[in-house]
Amino acid sequence: MPEAVNHYQDRYWNDLSEVLAYLCRRATGNPDVWWMDYLKQHYAQVPRKRALVIGCGNGWVERDLYDRGIAEHFDAFDVAEHYLEHAKSLRGERSIRYFASDFASFVPTERYDLIVNVAALHHARRLYGFLKRLAPALTDEGIFVNWDYVGPSRNQYSRPQVRQMREINRRLPPRFRTPHPLRPALKDMLTGDPTEAVHAADIVHAVGCYFDFIARRDLGGGIAYQLLWNNLVEFEKRDQDARAALATLLREDEERTARGDVPTLFSFFICKRRHSPDRVAAWHTAIREPLRESFAAATAGLYPRELPAYLLQSVAAKVRRLPG
Ligand SMILES: C[S@@+](CC[C@H](N)C(=O)[O-])C[C@H]1O[C@@H](n2cnc3c(N)ncnc32)[C@H](O)[C@@H]1O
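About the thresholds
The residue numbers shown here count from 1 along each chain, following its written sequence. Residues qualify for local features only when their pLDDT is at least 70, as the model is predicted, and side-chain atom pairs are given and counted only at 80 or more; totals for whole chains, interfaces and linings, by contrast, use all residues. As a rule, the C-alpha atoms of each element are fitted with a line to give its axis, helices using only the stretch in contact, and angles between N-to-C directions run from 0 to 180 degrees. For the purposes of this entry, the term helix denotes a DSSP run of H or I that reaches at least four residues, the term strand denotes a run of E that reaches at least two, and both are numbered from the N terminus. For classification, angles of less than 35 degrees are called roughly parallel, those exceeding 145 degrees roughly antiparallel, those between 65 and 115 degrees roughly perpendicular, and all remaining angles oblique. Each helix crossing is assigned a hand: it is left-handed if the near helix lies turned anticlockwise from the far helix by less than a right angle, otherwise right-handed if that turn is clockwise. Any residue pair is listed as a contact if its two C-beta atoms, each placed from the backbone, are within 7 Å. Nonpolar cores are built from buried Ala, Val, Leu, Ile, Met, Phe, Trp, Tyr and Cys residues. These are joined into a set through C-beta atoms within 7 Å. Here exposure depends only on C-beta density: within 10 Å of a residue's C-beta, 20 or more other C-beta atoms make it buried, 12 or fewer make it exposed, and intermediate numbers make it partly exposed, the C-beta atoms being placed from the backbone. We call a residue near a molecule or strand if the C-beta atom, set from the backbone, is within 6 Å of it. Here the term charged refers only to Asp, Glu, Lys and Arg, the term nonpolar to Ala, Val, Leu, Ile, Met, Phe, Trp, Tyr, Cys and Pro, and the term polar to all other amino acids, Gly among them. By construction, the arc corresponds to the directions joining the helix axis to the C-beta atoms. A pair of strands is labelled paired if DSSP reports no fewer than 2 bridges between them. Convention used here: a crossover is right-handed provided that the path from the first strand, over the helix, to the second strand proceeds clockwise when the strands point away from the viewer.

Let's talk about the packing of helix α5 (residues 127–134) against helix α11 (residues 281–298)
Thinking step 1. Two elements in contact, α5 and α11, have axes separated by 8 Å at closest approach and are oriented at 135°. The pairing of α5 with α11 is recorded here as oblique in orientation. Considering the relative orientation of α5 and α11, their crossing is left-handed. Contact with α5, carried on its side by Tyr128, Gly129 and Lys132, involves Ala281, His284, Thr285 and Glu289 of α11 and no other residues of that element.

Quick word on unusual backbone geometry
Thinking step 1. Phi at Arg154 takes a positive value of approximately 50°, unusual for a residue other than glycine.
Thinking step 2. Looking at where Arg154 falls in the secondary structure, it is placed in the loop between β5 (138–149) and α6 (159–171).

A closer look at the nonpolar core
Soluble globular proteins tend to pack their nonpolar side chains together in the buried interior.
Thinking step 1. Within the largest apolar cluster, 80 residues are counted, with the highest numbers of intra-cluster contacts made by Ala51, Val53, Leu65, Ile115, Val116 and Leu131.
Thinking step 2. For this core, the element with the most residues is β5, which contributes six residues.
Thinking step 3. Leaving out residues up to four positions away in the same chain, Val116 has contacts with Ala51, Val53, Val61, Leu65 and Val145.

A closer look at the site of the ligand
Thinking step 1. In the region of the ligand, 20 residues are neighbours, and Gly55, Gly57, Val79, Ala80 and His123 sit closest.
Thinking step 2. Residue classes in the shell around the ligand are distributed as 12 nonpolar, six polar and two charged.

A short note on helix α8 (residues 203–210)
Because the α-helix completes a turn every 3.6 residues, residues three or four places apart line up on one side.
Thinking step 1. Those residues of α8 not exposed but buried are Ile203, Ala206, Val207, Cys209 and Tyr210. Seen end-on, α8 carries its buried residues on one side only, within an arc spanning 150°.
Thinking step 2. Buried-residue contacts for α8 involve α5, β5, β6 (211–220), β7 (266–273) and α11.

Focus: the pairing of strand β3 (residues 96–100)
Thinking step 1. Two elements, strand β2 (residues 71–78) and β3, share five bridges in a ladder whose sense is parallel. Looking across to β3, one finds that Phe74 is bridged to Ile96.
Thinking step 2. As a crossover connection, the stretch from β2 through helix α4 (residues 81–90) into β3 is right-handed.

Topic: the sheet that holds β2
Thinking step 1. If you walk across this open sheet you meet the seven strands as β3-β2-β1-β4-β5-β7-β6, and the pairing is mixed. The strands lining the two open edges of the sheet, one partner per strand, are β3 and β6. Neighbour-to-neighbour, the strand axes of the sheet open up by a mean angle of 15°, direction not taken into account.
Thinking step 2. As defined by bridge partners, strand β1 (residues 48–54) adjoins strand β4 (residues 112–118) across four bridges and the pair is classed as parallel. Bridge pairing in β4 links Leu52 to Ile115.
Thinking step 3. Across the sheet, helix α3 (residues 60–67) lies against β1, β2, β3 and β4, angled at about 180° from β2, the strand it touches most.

A closer look at the packing of α5 against α8
Thinking step 1. Their axes nearest at 9 Å, the elements α5 and α8 cross at an angle of 30°. Relative to α8, α5 is oriented roughly parallel. Considering how the two elements wind past one another, α5 and α8 form a crossing that is right-handed. Residues Leu127, Tyr128, Leu131 and Lys132 of α5 touch α8, and the partners they reach there are Ile203, Ala206, Val207, Cys209 and Tyr210.
Thinking step 2. When its residues are assigned to classes, the contact of α5 with α8 shows eight nonpolar, no polar and one charged.

Regarding the environment of Asn117
Thinking step 1. Structurally, Asn117 can be placed in strand β4.
Thinking step 2. C-alpha of Asn117 to C-alpha of Ala206: the two residues are 89 residues apart in sequence and 14 Å apart in space.
Thinking step 3. Apart from the residues lying within four places of it in its own chain, the contact partners of Asn117 are Ile54, Gly55, Asn146 and Asp148.

Quick word on the environment of Arg170
Thinking step 1. Relative to the elements of secondary structure, Arg170 occurs in helix α6.
Thinking step 2. According to the C-beta neighbour criterion, Arg170 is exposed, with 9 such atoms within 10 Å.
Thinking step 3. Sequence separation of Arg170 and Ser105 is 65 residues, and the distance between their C-alpha atoms is 46 Å.

Shape descriptors only; they carry no functional weight alone.
Structure representation (C-alpha cells):
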C-alpha cells in the first residue's frame, strides 16, 4: 500500500444521518440501533474476554466496542504504523494492545472470543490464506463479526449496474448528480490504493470456507453508494429537494437490491468457526490464490479476470483523447 494512502479523506454515503438510519434498519431491524449496540444486546451482555480487531486503522472500532463493554480486552493490528500511532494516542485508559502486522503474514498467537473486521478485509490480497490462519484463533463460543464492502472487486460494477446508476443519476435534479465516474477506471485503482476492494467479491465465499454464518444482513449500496461517493455537499443542505433526492436514492437502492437488479455492496454478518473448512478451501489457498497473486506480481498488479476490462478501458481512454 502506498505510504500516502489516507483511508479517511474521502466522504462516504454513511456520513449522512439518513443513510446511517437506512444501514441501521437493514442491519439490526431498527433505524436507531447501531450494529455495535445490537452486538452488545444479543452477543455480549456479559462482556467477552478477549477480542481482536483486524486492520484497525485509527482505532475507532475497538474504542467504541470497548466503551460499550463488549469485551474486556482488545488486541488490534494494522499494517500502517501511522494509523497505529494515531490509535495509540487516542486509546486513553482502555485495555487495548496495538501491534503491527500484515494480513499476508499474520499468525495469531492468542485465542479470541470475538474477532471483528470493519472495512479492512476488502484490502486482503491473500484472503483465503489469511482467513485460514485467522479461524483457529476463534474459540468454540467465539464469534467473527464483519461490516465490510463485499461488492464487485475493485469497484468494477457490471454494465447493467452502471446503466441503472446512470438512469437514476439523470433522474435527480442537476445539483445532486454525481460528477464522478460511475465505475472507477482500473488504472486509477492501481495507482491509488492497489489493495482497494482487491478481492472484495470473494469475501463472503472465503469467510464461508472457514466460518459458519449465524446471522447475515446485506446492507445494499448498489445504487446509492457510488452516487453519493464524495458527493454529499448538496444533500447536506437538507432542504426539501435534498431530502426528496436522498429518499429517491435510498428507495431505489432498497428496491433494486431486493429484486436482485444490483448486488449488495456491503454486508453485516456474524459467524462461528467451522469445525472443518469447506472442501473447496484447499483449492483456493493452495492453487487459485497463489496463482493469481503470481500473475498479478508479473503484470504490475492486474489479475487475470481484469485484463479484458483493463485493455478495453485503455482503448476507450485513448479514443476519448483523439482530437475532434
Ligand atoms: C478502510 S481502512 C479501515 C480501517 C478501520 N477498520 C476503520 O474502519 O476505520 C482499511 C484498513 O486496513 C488496513 N490494511 C490494508 N492492508 C492491510 C494489510 N495487508 N494488513 C493489515 N492491515 C491492512 C489499512 O492500513 C487501513 O487501516
